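Residue-level structural notes
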Amino acid sequence: MPAELPSPELTDKHRLLLKRLGVSIDAGTLRLALTHRSYAYENGGLPTNERLEFLGDSILGFSVTDALYRDNPTLPEGELAKRRSAVVSTRALATIARSLGVGEFIYLGQGERLTKGRNKSSILADTMEALIGATYLTHGIETARQFVMRLVGPLLADSSMMGAGTDWKTHIQEISAVRNLGAASYNIVGTGPDHNRSFFAELIIGGEFFGSGTGPSKKEAERAAAAAGWVELQKRFGQNPYANTSAAGKHGAGPTPDSGDADVPARIPARPGTAAAEE
């Protein structure tokens, strides 16, 4: 008999995810946003997250376009388009998803689970778009726009690297140095068999935990942890952590004010041991 999704109530696992995301989404919409087509097809044709993904993609594009247009009044259309493309790319969204540990919550079919679906960039990016769509359905456009800007604000701030992907590790090293925070290092743990390894990385700066992330390789896990660390640095030093330092001129202004909302819970992924979504 086909399995079904749990009753429409938020579980502790879902509350953990929502805390990381910094938003509230009703239980039914959240589960829909996390339901990949592989799980739906293997369980009797349940609804999938593809419609929410379609909706979220539009909201993501609009929010990023609006921010780029308003914050860069002298940039030509071609440069604006280039920067938007980098921010809404599969790679960028997947990096954000890994920094938040979203993969562990996605409902996947057996085939995708066996082929490292939780770390596939396409699945992670699509799920992030679905979560944006779910936020819109729950709260409306303004909250959804603010949610998007909290997610992609660091990417928008890093205009010098648009198109090539943000080098979060380099930024972390620079900030650690100019603010005298101490050396930055990564604690990495690998799990799973050789043909299906997954890595978890913790960012440590001056002996203090700053964030964590997962990935299919040590490099991706470190990059995800560094991206999460950047969010923590923003909380401590403002939208542009380089501000009022010798490196400030090189890196320009920070992201939009929405990404620094003091009422938003921390979006740094938890340490190992958190439960994955029931399947």
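See the structure printed just above.
Right, let's walk through the structure included here. (Residues numbered from 1 in each chain as written. Predicted model: local features only at pLDDT ≥ 70, side-chain atom pairs only at ≥ 80, totals over all residues. Heavy atoms only, no water.)

Details of the packing of aromatic side chains
Heads up, the condition is: In this analysis, rings of Phe, Tyr and Trp, with Trp reduced to its six-membered ring, are considered paired at centre separations within 6.5 Å, and the interplanar angle assigns stacked below 30 degrees, edge-to-face beyond 60, and tilted for intermediate values. Here, a charge over a ring is recorded when the distance from Lys NZ or Arg CZ to the ring centre is within 6 Å and its angle to the ring normal is within 35 degrees.
On inspection of all chains with the given rule, the structure shows one aromatic pair. One residue, Lys169, lies across the ring of Tyr186, its end atom 5.2 Å from the ring centre. The ring of Phe237 is capped by Arg179, whose NZ or CZ atom sits 4.2 Å from the centre of that ring.

Quick notes on the sheet that holds strand β2 (residues 198-205)
Put simply, the rule is: Two strands qualify as a pair provided DSSP detects at least 2 bridges between them. Numbered from the N terminus, helices here are DSSP runs of H or I no shorter than four residues, and strands are runs of E no shorter than two. All axes here are fitted lines through C-alpha atoms, helices being fitted over the stretch that makes contact, and every angle between N-to-C directions spans 0 to 180 degrees. Residues count as neighbours in contact if any of their non-hydrogen atoms are within 4.5 Å of one another.
Reading across from one edge, β1-β2-β3 is the order of the three strands in this open sheet, with antiparallel pairing throughout. Each edge of the open sheet is held by one strand with a lone partner, namely β1 (184-191) and β3 (208-215). Across the sheet, the mean angle separating the axes of adjacent strands is 20° when strand polarity is ignored. The sheet strands contacting helix α10 (residues 168-178) are β1 and β2, and the helix crosses β1 at an angle near 145°. Contacting β1, β2 and β3, helix α11 (residues 218-237) crosses the sheet at an angle of about 140° to β3.

Examining the nonpolar core
Stated precisely, the cut-off is as follows: Side-chain atoms within 4.5 Å are what join buried Ala, Val, Leu, Ile, Met, Phe, Trp, Tyr and Cys residues into a set we call a nonpolar core. We call a residue buried when its accessible area falls under 20% of the maximum for its residue type, exposed when it is over 50%, and partly exposed in between, using a 1.4 Å probe and counting protein chains only.
Counting 62 residues, the largest nonpolar core has Leu131 and Val152 as the members making the most contacts within it. Leave out the neighbours within four places in its chain, and Val152 touches Leu60, Val64, Val87 and Ile96.

Some details on α10
The cut-off we apply is this: Here the arc refers to the set of directions running from the helix axis out to each C-beta atom.
Within the sequence span of α10, burial applies to Trp168, His171, Ile172, Ile175 and Ser176. Along α10, the residues classed as buried sweep out an arc of 130° about the axis, all on the same side. Backbone geometry just downstream of α10 places Asn180 in the positive-phi region, at approximately 55°.

Quick word on unusual backbone geometry
Look at Lys116: it is not a glycine, yet its phi comes out positive at around 60°. Along the chain, the position of Lys116 falls in the loop between α7 (110-114) and α8 (121-139). A positive phi angle, close to 55°, is found at Asn180, a residue other than glycine.

Quick notes on the pattern of salt bridges
Rule in force here: For this analysis, a salt bridge means a side-chain nitrogen from Lys or Arg found within 4 Å of a carboxyl oxygen belonging to Asp or Glu.
Enumeration according to the criterion identifies twelve salt bridges in this entry. Arg236 is paired through a salt bridge with Glu208; the nearest N and O atoms lie 2.6 Å apart. One end of the pair, Arg236, is in helix α11; the other, Glu208, is in strand β3, with 28 residues separating them in the sequence. Overall, Arg236 belongs to the partly exposed group, its relative accessible area being 38%. Taken together, the shared-partner salt bridges in this structure form one network comprising Glu208, Glu232, Lys235 and Arg236.

Re the packing of helix α4 (residues 50-71) against helix α5 (residues 77-87)
Under the convention used in this document: Roughly parallel refers to an angle under 35 degrees, roughly antiparallel to one over 145, roughly perpendicular to one between 65 and 115, and oblique to any angle outside these ranges. Handedness of a helix crossing follows the sense of rotation of the near helix relative to the far helix, less than a right angle counterclockwise being left-handed and clockwise being right-handed. Under this grouping Gly is polar, as are all residues other than the nonpolar Ala, Val, Leu, Ile, Met, Phe, Trp, Tyr, Cys and Pro and the charged Asp, Glu, Lys and Arg.
The interhelical angle for the contact between α4 and α5, taken along N-to-C directions, is 140°, at an axis separation of 10 Å. The pairing of α4 with α5 is recorded here as oblique in orientation. Crossing geometry of α4 relative to α5 is assigned as right-handed. Here Gly61, Val64, Thr65, Leu68 and Tyr69 of α4 come into contact with α5, specifically with Leu80, Arg83, Arg84 and Val87. When its residues are assigned to classes, the contact of α4 with α5 shows five nonpolar, two polar and two charged.

Keep in mind these values describe shape, not function.
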